[in-house]
Amino acid sequence: DQQVKQNSPSLSVQEGRISILNCDYTNSMFDYFLWYKKYPAEGPTFLISISSIKDKNEDGRFTVFLNKSAKHLSLHIVPSQPGDSAVYFCAAREKSSGDKLTFGTGTRLAVRP
Amino acid sequence: NAGVTQTPKFQVLKTGQSMTLQCAQDMNHNSMYWYRQDPGMGLRLIYYSASEGTTDKGEVPNGYNVSRLNKREFSLRLESAAPSQTSVYFCASSELGQAKNIQYFGAGTRLSVL
């Protein structure tokens, strides 16, 4: 049972426009959410996170929105740049599980120049 | 600053062969993890170690064993490799209780089992 879902395997966006990556979850015990970015032949790197007590967190061009009632979070990248082309993973933590994270299947973002 | 180092980067095995994937971190983290990444499956946790001397199964532990050799090193062993274990393996570490729960990943080991 996939507790964290990223239903769009891929997304293509024009440079300068907004990229919106979506993530849905089913476990209401998740209390912390993270986005990771992965380039080919590299390991994932942390991008941005949000606690369940917040509904928005912003870091430069990246903003994460959390809708707890819908069990949905999204990552907005504005403006999108070609260097943002990567696979993005959504991840979630259940407090009782310590530091373990549950990852989504990833969305491949391509930013066209 | 090396962070998390995995060796080897690539490996080809024949079915039934054994091998150990090595992982070391220099961030003095307590927690370490092994994941596998398969197309369309995301990152799935194989085993983790919350602290030196402890290990626990993750989502997909069958066919694997682990050893937390010391605080720095966490190895993953395949005793009898199978084609289903063809995957990219990532090691990660984190500091238990850190507010952001950030895990830091190595560059991965690409394993093919023929």
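Preceding this section is the structure that the text describes.
Right, let's walk through the structure included here. No experiment lies behind these values; they were computed from the predicted model shown. (Residues numbered from 1 in each chain as written. Chains lettered and ligands numbered in written order. Predicted model: local features only at pLDDT ≥ 70, side-chain atom pairs only at ≥ 80, totals over all residues. Heavy atoms only, no water.)

Notes on the overall build of chain B
Okay, so step 1: Along the backbone of chain B there are zero helices and eleven strands.
Okay, so step 2: Its C-alpha radius of gyration of 13 Å places chain B within 12% of the 13 Å reference for a compact globule of 114 residues.
Okay, so step 3: With the principal axes as the frame, chain B shows a C-alpha extent of 40 × 30 × 25 Å.
Okay, so step 4: Considering chain B as a whole, with its 114 residues, one finds that 47% of them fall into the buried category.
Okay, so step 5: Look at the contacts in chain B between residues 6 or more apart in sequence, and 55% of them connect residues 24 or more apart. (Helix = DSSP H or I, 4+ residues; strand = E, 2+ residues; numbered from the N terminus. Rg over C-alpha atoms; globule rule 2.2 N^0.38 Å. Buried < 20%, exposed > 50% of the residue type's maximum accessible area, 1.4 Å probe, protein only. Contact = heavy atoms within 4.5 Å.)

Focus on the nonpolar core
Okay, so step 1: Within the largest apolar cluster, 23 residues are counted, with the highest numbers of intra-cluster contacts made by Phe33, Trp35, Leu73, Leu75 and Tyr88 of chain A.
Okay, so step 2: Mapped onto this core, the elements with two or more residues apiece are β3 (19–25), β4 (30–38), β5 (45–51), β7 (62–67), β8 (72–77), β9 (86–94) and β11 (107–112) of chain A.
Okay, so step 3: Leaving out residues up to four positions away in the same chain, Leu75 of chain A has contacts with Ser19, Ile20, Leu21, Trp35, Leu47, Ile48, Phe62, Thr63 and Tyr88 of chain A.
Okay, so step 4: Of all hydrophobic cores here, the second largest spans 20 residues; its members include Tyr47, Val60, Cys91 and Val113 of chain B. (Core = buried A, V, L, I, M, F, W, Y, C linked by side-chain atoms within 4.5 Å.)

Brief notes about the sheet that holds β8 of chain A
Residues and elements named next belong to chain A.
Okay, so step 1: With antiparallel pairing, the five strands of this open sheet are ordered in space as β1-β3-β8-β7-β6. The open sheet has two free edges, formed respectively by β1 (4–5) and β6 (56–59), since each of these has just one partner strand.
Okay, so step 2: Looking at chain direction, β7 and β8 are connected through six bridges and run antiparallel. Paired with Asn67 across the two strands is His72, which belongs to β8. (Pairing = 2+ DSSP bridges.)

A closer look at the packing of aromatic side chains
Okay, so step 1: Applying the stated rule across the entire model yields 13 aromatic pairs over all chains.
Okay, so step 2: Note on Tyr36 of chain A and Phe46 of chain A: the rings are 6.1 Å apart at their centroids and 75° apart in plane angle, and the pair reads as edge-to-face. Of this pair, Tyr36 of chain A sits in strand β4 while Phe46 of chain A is found in strand β5, placing the two residues ten residues apart along the sequence.
Okay, so step 3: Judged by relative accessible area, Phe46 of chain A falls into the partly exposed class, the value being 25%.
Okay, so step 4: Considering the side-chain rings of Phe103 of chain A and Phe105 of chain B, the 6.1 Å spacing of their centres and the 80° angle between planes classify their relative orientation as edge-to-face. (Phe/Tyr/Trp six-rings, centres within 6.5 Å; stacked < 30°, edge-to-face > 60°.)

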